[in-house]
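Analysis of the macromolecular model
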Amino acid sequence: MTLLMGAVAYDPKVVTIWGGFRSWLNDNGLPFDFVLYSQYERQAEDLAQGRIDAAWNSPLSWIRSRRLAQASGRTLTPLVMRDTDRDLRSLIVVRADSPFKDVADLKGETVAVGAVDSPQATLLPLSYLASRNVQVDVRRFDVGVGLHGDHIGGERDAARALVSGTVAAACMIDSNHLLFGKEGTLPAGSTRVIGQTEPFDHCNMTVGETVSDQTRADFAELLLSMSYTDPKVRPLFDLEGLTRWEPGRVSGYPPLERAVDETGFYDAAGAVTAADYRP
Amino acid sequence: MMLDLGDLGFEQGAHILLQRALGPLRPGEELGVAGLDPALVMHVEVWCRAKGHLTRRADDNDDGIRVWVTRGRADLDRWVHAERAGGPSPHGIVNEPPAHWGLAARGALVEPGGPPIAADLASRELVWADLAPSLYANAAASQWDPATAIAWDAPVDLVPEIERAVVQVMTFLVENEQAALVVPARLLARIHPHFREVLQLLAVQAADEARHVEVFTRRALLTGGEMGTSSVSGRESLATLLREPDFSMASFLLSVLGEGSFLNLLTFIDRNAPDPVTRQVARMARQDEARHVAFGVAHLQHQGTLDRTLLGRLRGAIEQRHETLISSAGLNQDVFDSLVVLAAGEWSPAGIRRGYAAVQQLQAEMDEGRQHRLVRLGFPHDEAAELSALHTRNFM
Ligand SMILES: [Fe+2]
Ligand SMILES: [Fe+2]
């Protein structure tokens, strides 16, 4: 039986990446194929209902598919994740010349965030501010809605709004803070970080119960065996942004679970309850 | 181990210092990073995560160190199976460079993988000649500027019929030079760049031909008239050169036989030119052609030592081209007559007689030159004479 994985086509490179993994896995004895989705919600539903065996899940789509599956008595497993999916942080960034010293100073101010469904640029940092009782006006930049923040256009627009002075602060993931600094969206030295979330985890390869324990184990073992020394593997890793696969873990998702509950993004059974979310 | 980044930030290149500091460490060893950039810790974490190094934030009592980096191994793993693409000098040339070395400089450390280069001429035996590096150096040193090498303002004041003959010869030369440009340019795109001196030599050869096209065109138009004629037979003859896929055969037909004959033709024009500009353009082009012929001969002499069937194949190539062109009219009559008029230099029975004899002399010299080069490649004298006679009547 071919293991069928879903992935979201947030960028054309997704075809190159998963086409490459498909060839590599098949060459190494695991019948593997993939289907592409235009957004994460349909993929989460299909995974939870067993229409696909596995999914390359955003953290938000992991949470939704897990809730959906659990509600119908199924179990999903976060099988592996990239080394680069572990221990990320989102930052609250202000202009260097602004009077804000601490996130508490942002009370009543306007804060720019990414797309409604971006874990790192919207859900997690807003939950972080709420946990400190900082009530703010949120200015959202909805770009690539349904892609769970994989499209960083909204995050970049939030950073631009910060530079232009129309907002007091902007939220972004640590790696984009550096990226925006290097590309000049945030001129070097023009910003200060006044808050950072606890570490959280990002994507994972989620597998359901439609495949045997053996297949699941083989899939994990093969992925974990992929080596950066292998010239066939390395270009795929470089493109997908990892240097090795790590075992999956759930310990990095509680902050996002909390954020989802606080904002009523999904309900406990995995239904979409966010009012203004149209993927 | 400790690294102090001062006030340098990661938006300003701090990773270069961090990478250098991690370089000598073994995977698993730790480096403390100090620095003043407020975003330092976060950016060290981001950079290290992407590069496969681990981090942990320092305690307050770590003496200025703000974050600890545990060296990973991704940067080492990338080069584990890397190999040198031969050596930089011609002694470092390998016999069969692999396609995945592609455009890498000879002698470079090549990361394995990557797209294979579509170079079907990828064997030392097929493309190399020991003379290539020195011929290239000589060719590079002999480049000339068409704008200054020719005295374009020298007086050119010929009677109209003589001028028309010169224009017709120039038109014929341009057509041939364009074939001589396209053939090496096509070949060089098929040769593995590992044999870079051969590519360089062919590239300069193509550049030589580009200049020849320019100066012959410019001479043709110097007096404000139109270009001459282009016959089907001339283009048929040149088309057979462009169709030849084999490097050695193409080099033989173009450089040894064609450009070899052109040496005589350009000498003829130099000697009989009715005006100084015509003389100069022929003389400058001839210098370059001598190199093109030399490489063709050297390449085939080298091939002959490796391949006993070479002479037979060369013979076959001449015969096949002859068969193809047998029903063709041969040299454009306009060109032949124009050469006579050009050499006559005047419109009189005595002049035409002199010109006609000169062109017959030219054809004899071309034949002699071809035979001489065929003998140098190893053909016996009688066979060389027989093959030379089969060469296209179109000269190139
Ligand atoms: Fe030429
Ligand atoms: Fe030439």
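One can find the structure itself at the top, above this paragraph.
Sequence order as written defines residue numbering, which begins from 1 separately in each chain. Chains carry letters and ligands carry numbers; both start at the beginning, A for chains and 1 for ligands, and go up in the order they are written. Residues qualify for local features only when their pLDDT is at least 70, as the model is predicted, and side-chain atom pairs are given and counted only at 80 or more; totals for whole chains, interfaces and linings, by contrast, use all residues. Working from all heavy atoms in the structure, the side-chain values ignore hydrogens and water.

To continue, consider the overall build of chain A. When its secondary structure is counted, chain A shows nine helices and 11 strands. The C-alpha atoms of chain A give 19 Å as radius of gyration, which agrees with the globular expectation for 279 residues (19 Å, within 12%). Counting only C-alpha atoms, chain A reaches 60 × 40 × 30 Å along its principal axes. Put simply, chain A has 279 residues, and 56% of those count as buried. Residue contacts are counted whenever heavy atoms from the two residues lie within 4.5 Å of one another. If you take every contact in chain A between residues at least 6 apart in sequence, the share linking residues at least 24 apart comes to 77%. When the accessible surface of chain A is totalled, it reaches about 10,800 Å², and 49% of it is carbon and sulfur. Secondary structure is summarised from DSSP: a helix means a run of H or I of at least four residues, a strand means a run of E of at least two, and numbering begins at the N terminus for each. Each radius of gyration reported is based on C-alpha atoms, and the globular scaling rule is 2.2 Å times the count of residues to the power 0.38. Burial status follows relative accessibility: with a 1.4 Å probe on protein chains alone, a residue under 20% of its type maximum counts as buried, one over 50% as exposed, and anything between as partly exposed. For accessible areas, the Shrake-Rupley method is used with a probe of radius 1.4 Å. Any residue's cover is judged against the shown protein chains and nothing else.

All names here are of chain B. Strand pairing is assigned whenever DSSP identifies at least 2 bridges connecting the two strands. The four strands are arranged 1-2-4-3 in an open sheet whose pairing can be described as mixed. Among the strands making up the open sheet, the edge pair consists of strand 1 (2-4) and strand 3 (54-57). Averaged over all pairs of adjacent strands, the angle between their axes in this sheet comes to 25°, without regard to strand direction. Sheet topology note: the strand 2 (residues 30-34)/strand 4 (residues 65-70) ladder contains five bridges and is antiparallel. Each bridged residue has a counterpart across the sheet, and for alanine 34 the counterpart in strand 4 is isoleucine 65. Working convention: axes come from line fits to C-alpha atoms, limited for helices to the stretch in contact. Angles between N-to-C directions cover 0 to 180 degrees. Across the face of the sheet, helix 1 (residues 14-22) comes into contact with strand 1, strand 2 and strand 4 while running at roughly 150° to strand 2.

The next subject is the coordination of the iron ion (ligand 1). Residues and elements named next belong to chain B. Coordination partners: N, O, S within 2.8 Å of the metal, 3.2 Å for Na, K and Ca; water not considered, so apparent gaps in a site are possible. Here the iron ion (ligand 1) is held by Glu177 (OE), Glu209 (OE), His212 (ND1) and Glu289 (OE), and the distances to it run 1.8 to 2.2 Å. Taken as a pair, the iron ion (ligand 1) and the iron ion (ligand 2) lie 3.4 Å from each other and share glutamate 209 as a ligand. Of this pair, glutamate 209 sits in helix 8 (residues 196-220) while glutamate 289 sits in helix 11 (residues 276-306), and the two are 80 residues apart along the sequence. Comparing glutamate 209 with glutamate 289, the two get one shared label, buried.

In this section: empty space enclosed by the protein. Residues and elements named next belong to chain B. Buried and open spaces are told apart on a 1 Å grid over the protein atoms alone, a cavity being a set of points where a 1.4 Å probe fits but cannot get out and a pocket being an open set with protein on both sides within 12 Å along at least five of seven lines. Residues with an atom within 4 Å of a point are the lining residues. Grid points are joined across faces, edges and corners, and a volume is the space filled by probe spheres set on the points. Following the criterion strictly, the structure yields four cavities of 30 Å³ or more and no others. Taken as a whole, the largest cavity encloses approximately 70 Å³ of empty space. What lines the largest cavity is simply Val183, Pro184, Leu187, Leu202, Gln205, Phe247, Ala250, Ser251, Leu254, Ser255 and Phe295. Residue assignment for the lining of the largest cavity shows that the elements contributing at least two residues are helix 7 (160-190), helix 8 and helix 10 (247-272).

Here we take up the packing of aromatic side chains. Here is the rule: rings of Phe, Tyr and Trp (six-membered ring for Trp) pair when centre to centre is within 6.5 Å. Planes less than 30 degrees apart are stacked, more than 60 are edge-to-face, and the remainder are tilted. Applying the stated criterion to the full structure yields 13 aromatic pairs over all chains. Ring centres of tryptophan 62 of chain A and tyrosine 253 of chain A lie 6.0 Å apart, and the angle between their planes is 40°; this geometry places the pair in the tilted category. Of this pair, tryptophan 62 of chain A sits in helix 3 (residues 59-71) while tyrosine 253 of chain A sits in the loop between strand 11 (245-247) and helix 9 (254-263), and the two are 191 residues apart along the sequence. The exposure class assigned to tryptophan 62 of chain A is buried, which follows from its relative accessible area of 3%. Looking at tyrosine 253 of chain A, the relative accessible area reads 1%, which means it is buried. The side chain of arginine 211 of chain B reaches across the aromatic face of tryptophan 144 of chain B, ending 4.5 Å from its centre. Working rule: Lys NZ or Arg CZ, within 6 Å of ring centre, within 35 degrees of ring normal, means a charge sits over the ring.

Let us look at unusual backbone geometry. Residue and element names in this part refer to chain A. For aspartate 87, which is not glycine, the phi dihedral falls at a positive 60°. Position of aspartate 87 relative to the elements: it lies in the loop between strand 4 (77-82) and strand 5 (90-95). Classification of aspartate 87 as partly exposed rests on a relative accessible area of 44%. With phi around 60°, asparagine 133 is a residue other than glycine that occupies positive phi space. Assignment of secondary structure puts asparagine 133 in the loop between helix 4 (119-131) and strand 7 (137-140). For asparagine 133, a relative accessible area of 52% corresponds to the exposed category.

Once that is clear, we can look at the pattern of salt bridges. By salt bridge we mean one thing: a side-chain nitrogen of Lys or Arg within 4 Å of a carboxyl oxygen of Asp or Glu. Evaluation of the coordinates by the stated rule reveals 45 salt bridges over all chains. Close ionic contact of glutamate 111 of chain B with arginine 78 of chain B constitutes a salt bridge, the shortest N to O distance being 3.1 Å. Residue glutamate 111 of chain B is located in the loop between strand 6 (109-110) and helix 4 (124-127), and its partner arginine 78 of chain B is located in helix 3 (residues 74-78); the two are separated by 33 residues in the primary sequence. Three or more residues are tied together by salt bridges with common partners; here these are Arg66, Arg67, Glu257 and Asp261 of chain A.

Let us now look at the interface of chain B and chain A. Contacts between chain B and chain A engage 22 residues on the former and 24 residues on the latter. With both sides pooled, the region where chain B packs onto chain A buries about 1,900 Å², and carbon together with sulfur makes up 60% of that total. When the buried area of chain B at its contact with chain A is split by residue, Glu11, Met42 and Arg49 of chain B rank highest and sum to 33% of it. As a salt-bridge pair, aspartate 174 of chain A and arginine 49 of chain B come within 2.6 Å of each other at their nearest N and O atoms. Those elements giving two or more residues to the side of chain B that touches chain A turn out to be helix 2 (40-51), strand 3 and helix 3 of chain B. What counts as buried area is the accessible surface, traced by a 1.4 Å probe, that two parts surrender upon association, with contributions from both included.

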